[in-house]
Amino acid sequence: MLWTTDGLSRSKRIRVKTMKLKKNSLIKISQIVFVPIALLIVWSIFAPFYSLPGMSKICGAIIEMIENGTYFHDIAISSFRALSGFAIGFSLGAILGILTGRYSKVFLIFGGLLLFLRWTPVLAILPLTIRIGGLGEGPKIFIISWACFFLCWIYTHVAVTKLQKQYIWWSDSLGLSLNQRLFKVYLPAISPSLIGTARAALAISLIVVVAAELGGTLQSGLFRNGLGYRISRAIETNRNDLNIACILTFGLLGIIYDCCLFQAVKLLSFITKIDFCHSEG
Amino acid sequence: MSQNILQVKQLTVKYNSTIVVDSIDFELKNETIVFYGPSGCGKTSILKALLNVHEPNMKTRGSILLDGNDIKKGSGEIGMTIQGPVVPSWLTIYNLCKMGSKMRRLNTQEQHDRIMSMLSSFKIDHLVDKYTHNISGGENSEQHLLLLYLMNLKCYYLMSQPPLLMVLHECQYGVILKVKYIQCKYQQ
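Residues numbered from 1 in each chain as written. Chains lettered and ligands numbered in written order. Predicted model: local features only at pLDDT ≥ 70, side-chain atom pairs only at ≥ 80, totals over all residues. Heavy atoms only, no water.

Draft legend 1. Main features of the overall build of chain A. In terms of helices and strands, chain A carries 10 helices and 0 strands. Listed by position from the N terminus, the elements making up chain A come as α-α-α-α-α-α-α-α-α-α. The burial tally for chain A puts 41% of its 281 residues in the buried class. For chain A, the computed accessible surface area is about 16,400 Å², with 71% contributed by carbon and sulfur atoms. (Helix = DSSP H or I, 4+ residues; strand = E, 2+ residues; numbered from the N terminus. Buried < 20%, exposed > 50% of the residue type's maximum accessible area, 1.4 Å probe, protein only. Areas by Shrake-Rupley, 256 points an atom, 1.4 Å probe, with all protein chains shown as cover.)

Okay, structure coming up:
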């Protein structure tokens, strides 16, 4: 049956609207509350069969980490590594992607090498990076930015090559300056792809930070920090509760990064009056 | 004051080795002409050449003169409404108007006054802060077209790809009248 509000009185229409709002808020509440509760129940039922800790133990592990002061310190260190790697990789990748996408000569010069390096598995070059750069922050941030760079480069390159020619002609016909073209036409045109790429790159940065912290801390007494290191310690000491607590923290960090990214884009849209989340592009 | 005479002499447009436009000549002075023909006969290529838009495999020969001078690329002297996505959907109507070639020479206050007076003369000033994708379909395309004309005020000649294709059939006559009005009021 097709539901429409045509032909209804004003009060009835308002009632229909209120019902729709209630339905939407119920769906939202169920997303936030019911689904996690259901997952907790399922976890509590099945965890003992696989010798996994219950949720109370996991919460206890988090409290334990907070009490001994490692929890927030580890989060800060891992976030610093992931976000600085992401920032470097994303900016370089996006700039190069714009250049290779817009100017075919730049692609001819760098394209082959970049396409080759893109396929080198980042986890395979991690030991080499540690061997060359040591166990400090530099190699960890380098490896994260390496992983983010290629993802951002290829997606930005594709987005720029698929940029509608009409927008370029439109800019030509208005006689826009390079600045205006770049910041008011070309960048906003590819912004939905850039936002998608940034989200994917943030996820990659969290994956690689774990690998970098696992690989960069096990062999030495130095740099024993970060959530990745905590996971390796938890595995060594057979503390599944600590391990799962760290994994869940990574999930939470991912959601926080995602929200921050969206809020930053919204703020930028508000300031510049340019809709960066438009559906075209 | 310039005469706004557009002269096209021996214009040839080639894509790779295929000649699409072969040595055409015409001259325009404050008049309207129509190019029509089947798909692929070179209508858009002529417009691209006039607009100085060059695609990687496109080659042009001949001269295009405005008042006896070559047209500088990207000078905003010749405007074109475009087939496909008409204007960027991420800009507000206000920002769109601000990007007009003549508009950019004014200071902020003058720009604001000019934009508001132009929009209110077409009774679309209520859309000033809206994004183009937020306004309704028929209204949207009609305004797009109008705004393009408004924005290109510095232009001496306006080149239109199917200009009324996106406008509702019932609105087309009204749009033509509005465009004529803009041409008379602002373009001189």
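Draft legend 2. Examining the overall build of chain B more closely. Helix and strand counts for chain B come out as 5 helices and 6 strands. Taken from the N to the C terminus, the helices and strands of chain B come in the order β-β-α-β-β-β-α-α-α-β-α. By residue count, 47% of the 188 residues in chain B fall in the buried class. Within chain B, contacts between residues at least 6 apart in sequence are counted, and of these 66% link residues at least 24 apart. Accessible area of chain B: about 9,700 Å², with a carbon and sulfur share of 51%. (Contact = heavy atoms within 4.5 Å.)

Draft legend 3. Broad picture of helix α4 (residues 104–118) of chain A. Residues and elements named next belong to chain A. Along its length, α4 shows its largest kink, about 50 degrees, at Phe110. Among all positions in α4, only Val106, Gly111 and Leu114 are buried. Its buried side turned inward, α4 meets α3 (71–102) and α6 (137–161). (Bend = angle between axes of the 7 residues up to and from the residue.)

Draft legend 4. Molecular detail of the packing of aromatic side chains. All names here are of chain A. Tallied over the full model, the rule gives 8 aromatic pairs over all chains. Each ring, one from Phe46 and one from Phe49, has its centre 6.4 Å from the other, and the planes form 50 degrees; the classification is tilted. Judged by its relative accessible area of 46%, Phe46 is partly exposed. A cation sits over an aromatic face here: Arg102 above Tyr103, 5.9 Å from the ring centre. (Phe/Tyr/Trp six-rings, centres within 6.5 Å; stacked < 30°, edge-to-face > 60°. Lys NZ or Arg CZ within 6 Å of the ring centre and 35° of its normal.)

Draft legend 5. How the structure looks around the nonpolar core. Counting 61 residues, the largest nonpolar core has A:Ile143, A:Trp170, A:Val185 and A:Phe250 as the members making the most contacts within it. Of all the secondary structure elements, the ones that give two or more residues to this core are α2 (55–67), α3, α5 (122–133), α6, α7 (165–174), α8 (178–217), α9 (227–236) and α10 (240–272) of chain A. Sort the elements by how many residues they give to this core and α8(A) lands first, with 15 residues. If you look at the next biggest cluster of nonpolar residues, it comprises 20 residues, including B:Leu28, B:Leu47, B:Leu66 and B:Ile78. (Core = buried A, V, L, I, M, F, W, Y, C linked by side-chain atoms within 4.5 Å.)

Draft legend 6. Quick peek at the pattern of salt bridges. All names here are of chain A. One pass over the full model with this rule turns up 7 salt bridges over all chains. For Asp74, the salt bridge identified is with Arg230, shortest N-O distance 2.4 Å. Of this pair, Asp74 sits in helix α3 while Arg230 sits in helix α9, placing them 156 residues apart in sequence. Each of Glu64, Arg239 and Asp241 takes part in salt bridges that share partners, so that together they form one network. (Salt bridge = Lys/Arg side-chain N within 4 Å of Asp/Glu carboxyl O.)

Draft legend 7. Summary view of a nonpolar patch on the surface. All names here are of chain A. Together, Ile29, Ile32, Val33, Phe34, Ile37, Ile41, Val42, Ile45, Phe46, Phe49, Tyr50 and Leu52 give the surface a local cluster of nonpolar side chains, amounting to about 1,200 Å² of exposed area. Tracing the chain through its elements places Ile37 in helix α1 (residues 10–46). Judged by relative accessible area, which is 41%, Ile37 ranks as partly exposed. (Patch = residues over 30% accessible without salt bridge, like charges linked within 9 Å, V, L, I, M, F, W, Y side chains within 5 Å.)

Draft legend 8. Looking closely at the packing of α4(A) against α6(A). All names here are of chain A. For the pair α4 and α6, interaxial distance at closest approach is 11 Å and the crossing angle is 130 degrees. Looking at the two axes, α4 sits oblique to α6. Remark: the crossing between α4 and α6 carries left-handed chirality. Where α4 abuts α6, its residues Phe107, Gly111, Leu114, Leu115, Leu117 and Arg118 lie against Trp146, Phe149, Phe150, Trp153, Ile154 and His157. Of the residues assigned to the contact of α4 with α6, the class counts are 9 nonpolar, 2 polar and 1 charged. (Axes fitted to C-alpha atoms, helices over the stretch in contact; angles between N-to-C directions. Parallel < 35°, antiparallel > 145°, perpendicular 65-115°, else oblique. Left-handed = near helix turned anticlockwise from the far one by under 90°. Nonpolar A, V, L, I, M, F, W, Y, C, P; charged D, E, K, R; others polar.)

Draft legend 9. Looking closely at the confidence of the model for chain A. Residue and element names in this part refer to chain A. Scored by pLDDT, chain A comes out at a mean of 84, with 88% of its residues at no less than 70. Per-residue pLDDT, averaged within each element of chain A, yields its smallest value for α1 (74) and its largest for α3 (92). A low-confidence stretch, residues 1–5 (pLDDT under 50), is modelled with 2 contacts involving residues beyond four sequence positions or located in other chains. (pLDDT = per-residue confidence, 0-100.)

Draft legend 10. A look at the pairing of strand β3 (residues 58–66) of chain B. Residue and element names in this part refer to chain B. In the sheet, strand β1 (residues 5–15) pairs with β3 via 8 bridges, with the strands oriented antiparallel. By the bridge assignment for β3, Gln7 is matched with Leu65. Inspection of the sheet shows β3 paired to strand β4 (residues 69–70) by 2 bridges, in the antiparallel sense. Paired with Leu66 across the two strands is Asn69, which belongs to β4. The antiparallel hairpin formed by β3 and β4 contains 2 residues in its connecting segment, where Asp67 sits at a positive phi of about 55 degrees. (Pairing = 2+ DSSP bridges.)

Draft legend 11. Looking closely at the packing of α3(A) against α6(A). Residues and elements named next belong to chain A. As a packed pair, α3 and α6 sit with axes 6 Å apart at the nearest point and diverge in direction by 35 degrees. Note that α3 runs across α6; the crossing there is right-handed. Of the residues belonging to the contact of α3 with α6, the class tally is 16 nonpolar, 11 polar and 4 charged.

Draft legend 12. How the structure looks around the sheet that holds β1(B). Residues and elements named next belong to chain B. A sheet is described by the order of its strands in space; here 4 strands give the open sequence β2-β1-β3-β4, paired in antiparallel fashion. Each end of this open sheet is capped by a strand with a single partner; those strands are β2 (18–29) and β4. The sheet strands contacting helix α1 (residues 43–51) are β1, β2 and β3, and the helix crosses β1 at an angle near 120 degrees.

Draft legend 13. Inspection of the side chain of A:Thr156 at higher detail. You can see A:Thr156 is positioned in helix α6. If we skip the residues at most four places from it in the chain, A:Thr156 touches A:Gly93, A:Ala94, A:Gly97, A:Ile98, A:Ile190 and A:Leu194.

Draft legend 14. Molecular detail of the pairing of β2(B). Residue and element names in this part refer to chain B. Taken together, the 8 bridges between β1 and β2 define a ladder with antiparallel strand orientation. The residue bridging Leu11 from the neighbouring strand is Ile24, located in β2. Hairpin connection from β1 to β2: 2 residues lie between these consecutive antiparallel strands, with Asn16 at a positive phi of about 55 degrees.

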